[in-house]
Amino acid sequence: MANSINSDLTTRNASIFSSNSGNAGICMMSNKWKEEQNPSFINFISSFLSSNSFRLNFVPISPDCIFNCGGLSVAFIFVTNWDWECENVMSIFTRVQKLKGQFANLYVVVCLPTKQQNDSFVRAYFKHGMTFGRPTFVPVLDKEMGFEKIVKIALSRGACKRQDVMSKLKVERKQAVQGMEIYLRVVTAIPGIDNHDANSLNQAIGSIEAIAKASKEHILENTDLSADKAETITRFFRDPKFYLSSKIN
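Residues numbered from 1 in each chain as written. Predicted model: local features only at pLDDT ≥ 70, side-chain atom pairs only at ≥ 80, totals over all residues. Heavy atoms only, no water.

### Observations concerning the pattern of salt bridges
Alright, step 1. Following the criterion strictly, the structure yields seven salt bridges and no others.
Alright, step 2. Of the charged contacts in the structure, one is a salt bridge between K213 and E209, with a shortest N-O distance of 3.2 Å. One end of the pair is K213 and the other is E209, both in helix 8 (residues 208-213) and four residues apart, which spans about a single turn.
Alright, step 3. For K213, a relative accessible area of 61% translates into the label exposed. (Salt bridge = Lys/Arg side-chain N within 4 Å of Asp/Glu carboxyl O. Helix = DSSP H or I, 4+ residues; strand = E, 2+ residues; numbered from the N terminus. Buried < 20%, exposed > 50% of the residue type's maximum accessible area, 1.4 Å probe, protein only.)

This is the structure in structure tokens:
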């Protein structure tokens, strides 16, 4: 029955993330945490990650899992068995306090299938002085749901990271375009210099400052501008009588 449920969950969740193409990322799982879990659950995780294009590595790390998606690392503590009668509760929150200082992106997923466990968790949460959102706790009903939540969080944070990168690239591209427009306006303000000449100067000489310092000979050697245009450019930047005089015929 358990294998059937796991199989159904894997199939269902594969469809949730079917839009991902290629390698979605890497899941690094703690060797210690793995040894504490039922082998069937580890098999479920392995199948689930594979169906969603994640690579799974078992490594000696402090969090239970670390996902790397889109260049962003997200760490997780995954409590699969909440036993309010066990002294382990204090160690869980002590571990949370320690790891939240080490990882900028940390989430704590806790399985709370019964009302008693949920009530116990709420009492322990406030008893140990947790702050809302630092880190974020995610209660779930079962382990499979918990791992599904973990992957969803990792994917969404990775997507946000990629979107932020794309936004920055768009801003930089816009700034580059605006910078080129300003460059063209300045250079074509020189009498007789058109857009073709300005682009030629940009590619061969560089910035406006570099053009201002370039000699007539250097311009002739590195561009297809005529001698008259090269002479005009050098005079424009160096001869006050020229650049201060009226250019309107």
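What follows continues from the structure just given.
### Quick notes on the nonpolar core
Alright, step 1. Ranked by internal contacts, the top residues of the largest apolar core, which has 29 residues, are I45, F67, F76 and F147.
Alright, step 2. Elements with a contribution of two residues or more to this core: strand 1 (25-30), helix 3 (39-51), strand 3 (65-69), strand 4 (72-79), strand 5 (106-111), strand 6 (136-140) and helix 6 (143-187).
Alright, step 3. In this structure F67 touches I26, C27, L49, F54, L72, S73, V74, F76, F147, I150, V151 and A154, once residues within four positions along its chain are discounted.
Alright, step 4. One finds V79, V89, F93 and Y125 within the second-largest nonpolar core, a separate group that totals 19 residues. (Core = buried A, V, L, I, M, F, W, Y, C linked by side-chain atoms within 4.5 Å. Contact = heavy atoms within 4.5 Å.)

### Overview of helix 3
Alright, step 1. Taking 1.5 Å per residue as the helical rise, helix 3 with its 13 residues ought to reach 18 Å, and the 18 Å between its terminal C-alpha atoms agrees with that figure.
Alright, step 2. The first or second residue beyond helix 3 is S53, which carries a positive phi of 65 degrees. (Expected span 1.5 Å × (residues − 1).)

### Digging into the packing of aromatic side chains
Alright, step 1. Across all of its chains, the model carries 21 aromatic pairs by this definition.
Alright, step 2. Pairing W82 with F93 gives two aromatic rings, centres 6.1 Å apart and planes at 85 degrees, and the pair type is edge-to-face. Placement of W82 in the loop between strand 4 and helix 4 (88-100) and of F93 in helix 4 is noted, with a sequence separation of 11 residues between them. Both residues of the pair, W82 and F93, count as buried.
Alright, step 3. Here the aromatic residues W33, F41, F44, F48, F54, F67, F76, F78, Y107 and F147 are joined through ring pairs into a cluster of three or more.
Alright, step 4. Between K143 and the ring centre of F41, over which it is positioned, the NZ or CZ distance is 4.9 Å. (Phe/Tyr/Trp six-rings, centres within 6.5 Å; stacked < 30°, edge-to-face > 60°. Lys NZ or Arg CZ within 6 Å of the ring centre and 35° of its normal.)

### Some details on helix 5 (residues 115-127)
Alright, step 1. The first and last C-alpha atoms of helix 5 sit 18 Å apart over 13 residues, in line with the 18 Å expected at 1.5 Å per residue.
Alright, step 2. G129 lies just past helix 5 and shows a positive phi near 65 degrees.

### Overview of the sheet that holds strand 6
Alright, step 1. The sheet built from six strands is open, its strands ordered 2-1-3-4-5-6 with mixed pairing. The open sheet has two edge strands, strand 2 (54-59) and strand 6, and neither has a second partner. Between one strand axis and the next, the sheet turns through 25 degrees on average, direction left out of account.
Alright, step 2. Direction of pairing for strand 1 relative to strand 2: parallel, over a ladder of six bridges. For M28, the partnering residue across the bridge sits in strand 2 and is N57. (Pairing = 2+ DSSP bridges. Axes fitted to C-alpha atoms, helices over the stretch in contact; angles between N-to-C directions.)

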